[in-house]
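Read off the chains here:
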Amino acid sequence: MSALLQRWGAWDVRASAWLVRIAQVQRPSPRRWAALTVAHLGDSWVALGVSALLWLWGYPWHSLQLVVTVLALSLVSSLVKALVRRPRPQTNGQALYLGPDRHAFPSGHAVRLGGIVALASGALPVWGVALLASVALLICLCRVALAVHYLGDVTVGLMLGWIVTSLLWSL
């Protein structure tokens, strides 16, 4: 099993480095600014802002579900990061994260986004879920392109968020 994990880890690092190279967002440019903007659309404060709008628009239950989901997924993500302790990619992308979150696996943004898509799947039409999932995937890919995560961090994060949210609200 250890050899399999090592091979997966090596592939993950190579595939992520390839995405960083083709995205070309490491140097200051309008493309980098756009990637940074998109990458931060997955921040907690954006989800909590959407929750406030849901409340104001007369959807207090959906607002509460979103807040509980974001908080629960932050806890889950933090616990897994503390257990795994995978370092972030060694690039200048780390300048974005000078705070206490030095670990990459799983991506907290991806966990949150996977959960939000799962939560929305019960409230939105199929086309709305597809649109939201596409935006979530774009956010995750921008985070890899900016070299703050590996592809595996965001892939597992999306799945973990979906699974935990589905379990949370199916009880």
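These numbers were taken from a predicted model, which means no experiment stands behind them.

A. Fine view of the confidence of the model for the protein chain. Mean pLDDT over the protein chain works out to 84, with 92% of the residues at or above the 70 mark. The secondary structure element of the protein chain with the lowest average pLDDT is helix α1 (residues 2-23), at 74, and the one with the highest is helix α7 (residues 151-170), at 92.

B. Just the side chain of D43, in detail. Within the fold, D43 resides in the loop between α2 (30-39) and α3 (44-56). Despite its burial, D43 pairs with no opposite charge; the closest candidate is R143, at 4.8 Å N-O. Within the structure, D43 has its side chain in polar contact with the side chain of H40 (distance 3.0 Å). At a separation of 2.5 Å, a polar atom in the side chain of D43 contacts the side chain of H109.

C. Local environment of the pattern of salt bridges. In this structure the tally under the stated criterion is one salt bridge. Among the ionic pairs, R86 bridges to D153, the shortest N-O distance being 2.8 Å. Taken together, the positions of R86 in the loop between α4 (60-84) and α5 (108-120) and D153 in helix α7 put the pair 67 residues apart, joining distant regions of the chain.

D. Representation of α7 in the model. When the terminal C-alpha atoms of α7 are compared, their 29 Å separation across 20 residues agrees well with the 28 Å that a helix rising 1.5 Å per residue should span. Those residues of α7 that fall on the buried side of the exposure criterion are L151, G152, D153, V154, G157, G161, V164 and T165.

E. Representation of the state of the cysteines in the model. In this structure the tally under the stated criterion is zero disulfides. Distance from the sulfur of C140, which forms no disulfide, to the nearest cysteine sulfur (C142) is 9.4 Å. We classify C140 as buried; its relative accessible area is 1%.

F. The arrangement of the packing of α4 against α5 in detail. At a minimum axis separation of 9 Å, α4 and α5 run at an interaxial angle of 145°. Helix-helix and strand crossings are classified by hand; for α4 and α5 the assignment is right-handed. Of the residues in α5, those touching α4 at Q65, L66, T69, V70, L73, S74, S77 and K81 are G108, V111, R112, G115, I116 and L119. Per-class residue counts for the contact of α4 with α5 are six nonpolar, six polar and two charged.

G. Quick look at unusual backbone geometry. We note that R85 has phi near 60°; this positive angle belongs to a residue other than glycine. Structurally, R85 is set in the loop between α4 and α5.

H. Structural view of the packing of aromatic side chains. As enumerated under the stated definition, the model contains one aromatic pair in all. Ring centres 5.7 Å apart and planes at 85° place the aromatic pair W61 and W169 in the edge-to-face group. Residue W61 is located in helix α4, and its partner W169 is located in helix α7; the two are separated by 108 residues in the primary sequence. By relative accessible area, W169 is classed as partly exposed at 28%.

Quick notes on the rules
- Residues numbered from 1 in each chain as written.
- Predicted model: local features only at pLDDT ≥ 70, side-chain atom pairs only at ≥ 80, totals over all residues.
- Heavy atoms only, no water.
- pLDDT = per-residue confidence, 0-100.
- Helix = DSSP H or I, 4+ residues; strand = E, 2+ residues; numbered from the N terminus.
- Buried < 20%, exposed > 50% of the residue type's maximum accessible area, 1.4 Å probe, protein only.
- Lys, Arg positive; Asp, Glu negative; His and termini not counted.
- Salt bridge = Lys/Arg side-chain N within 4 Å of Asp/Glu carboxyl O.
- Polar contact = N/O pair within 3.5 Å; in protein donor to acceptor, adjacent residues only side chain to side chain.
- Expected span 1.5 Å × (residues − 1).
- Disulfide = S-S within 2.5 Å.
- Axes fitted to C-alpha atoms, helices over the stretch in contact; angles between N-to-C directions.
- Left-handed = near helix turned anticlockwise from the far one by under 90°.
- Contact = heavy atoms within 4.5 Å.
- Nonpolar A, V, L, I, M, F, W, Y, C, P; charged D, E, K, R; others polar.
- Phe/Tyr/Trp six-rings, centres within 6.5 Å; stacked < 30°, edge-to-face > 60°.

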